[in-house]
Amino acid sequence: MCTIGVRRFGGDEYVLFKNKDFARDTFDDRLALDGEVFGVQGLSTWDGTDQARDVFSGISLGANEHGLFCTDANVRGAVGDANYDELTEISLRAGGGVDAGIAAIRHAVTSRPYLWANIIMIDSTAVAVVEVRGNDVVVESLSGPTARSNHHLAFAEPGQSWGSPTTERRLTAGQRRVEAAGTVDDVLALQQAHDDGSSGICSHDGHQTVYSYALHRRGEETTLYVTRGHPCVSTETVEMVVPLGERWSKVAASEFRSAYPSVEAMLEV
């Protein structure tokens, strides 16, 4: 389960955030990083409790050298469907901004069905949410701050139940808080929030928040803020400039991986 969202502060400054919630209380991220794309790798076994059986695929949150940020949140699984994290990676590797990312997702779902998900993306001029359901997508272009959690809005049906009992409360809290956010610090505070007790945006109830991320773009620079564990109690949020485009080199990539809070981050995959 995850809470995700975006906020534009004005001009070429914007932020995308994600709290990653798992059925286990600890997790170690793996990274994808080259000169074109940075990403936190996704899992096709997203709700498994045995880390030894983890199967990594796609990207669950990331950025490309053109300033596109993209992330996703689970809605529902189906046996045999492809991992929606692959769609997030496809959108980032399309080589452009929001429009290119949407077109790439639309093309991908014509060839195979994907697990149900919300995918949110932002660049210097546009914001969009893509709801994925098998071979179908609904795209909503947005102009203001936006949050999503673990249920569909465009595909919603009366009386439909969702996999997460807290998804609607987290969406309400996330939307209210992201609309009020005026700085990156406000977004980091949002990620620590417990508007509904232990089932808040920072989750301690059932699914645990194992990482929180905020990607910040200002001008041509992308900065990652990442916290391992529950952000409401963690004392360390790591702030790092992401080496993309002209900033990328093998040395810069190695230094980035070394600073990242995960023992798995140094794996070359």
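Asks: It is not clear to me how the side chain of Arg7 should be interpreted in this structure. Could you clarify?
Replies: In this structure, Arg7 sits in strand β1 (residues 2-10). One buried charge, Arg7, has no salt-bridge partner; the nearest side chain with opposite charge is Asp186, at 7.7 Å. Within polar-contact distance, the side chain of Arg7 engages the backbone oxygen of Ala181 at 3.0 Å. When residues no more than four places from it in sequence are discounted, the contact partners of Arg7 are Tyr14, Val15, Ile122, Pro145, Val178, Glu179 and Ala181.

Asks: Mind showing me how you'd approach the sheet that holds β1 here?
Replies: Paired through their backbone hydrogen bonds, the strands of a sheet run either parallel or antiparallel. Overall, antiparallel pairing links the six strands, which are arranged β10-β1-β2-β11-β12-β13 in an open sheet. Edge positions in the open sheet fall to β10 (146-148) and β13 (238-241), since each of these has one partner strand only. Going across the sheet, the axis of each strand differs from the next one's by a mean of 15°, ignoring polarity. Pairing between β1 and β10: three bridges, direction antiparallel. Residue pairing for β10: Gly5 is matched across the bridge by Ala147. Against the sheet, helix α4 (residues 184-191) contacts β1, β2 (13-22), β11 (208-218) and β12 (221-228), and its axis sits at roughly 15° relative to β2.

Asks: Is there a simple way to think about the packing of aromatic side chains in this case?
Replies: By convention here, two paired aromatic rings are described through the distance between centres and the angle between planes. Applying the stated criterion to the full structure yields six aromatic pairs. An angle of 75° between the planes, with centres 4.8 Å apart, marks the rings of Phe22 and Phe27 as edge-to-face. Look at Phe38 and Phe256: their rings are 5.4 Å apart centre to centre, the planes differ by 70°, and that puts the pair in the edge-to-face class. Here Phe38 is found in strand β4 (residues 37-43), whereas its partner Phe256 is found in helix α5 (residues 250-259), with 218 residues between them in sequence. The exposure classification of Phe38 matches that of Phe256, with both residues buried. An aromatic cluster of at least three residues, connected via ring pairs, comprises Phe22, Phe27 and Phe56. For Arg112, the ring lying beneath its charged end belongs to Tyr114, and the centroid distance is 6.0 Å.

Thresholds, definitions, all that
- Residues numbered from 1 in each chain as written.
- Predicted model: local features only at pLDDT ≥ 70, side-chain atom pairs only at ≥ 80, totals over all residues.
- Heavy atoms only, no water.
- Helix = DSSP H or I, 4+ residues; strand = E, 2+ residues; numbered from the N terminus.
- Buried < 20%, exposed > 50% of the residue type's maximum accessible area, 1.4 Å probe, protein only.
- Lys, Arg positive; Asp, Glu negative; His and termini not counted.
- Salt bridge = Lys/Arg side-chain N within 4 Å of Asp/Glu carboxyl O.
- Polar contact = N/O pair within 3.5 Å; in protein donor to acceptor, adjacent residues only side chain to side chain.
- Contact = heavy atoms within 4.5 Å.
- Pairing = 2+ DSSP bridges.
- Axes fitted to C-alpha atoms, helices over the stretch in contact; angles between N-to-C directions.
- Phe/Tyr/Trp six-rings, centres within 6.5 Å; stacked < 30°, edge-to-face > 60°.
- Lys NZ or Arg CZ within 6 Å of the ring centre and 35° of its normal.

By themselves, these are just geometric observations and shouldn't be taken as functional.
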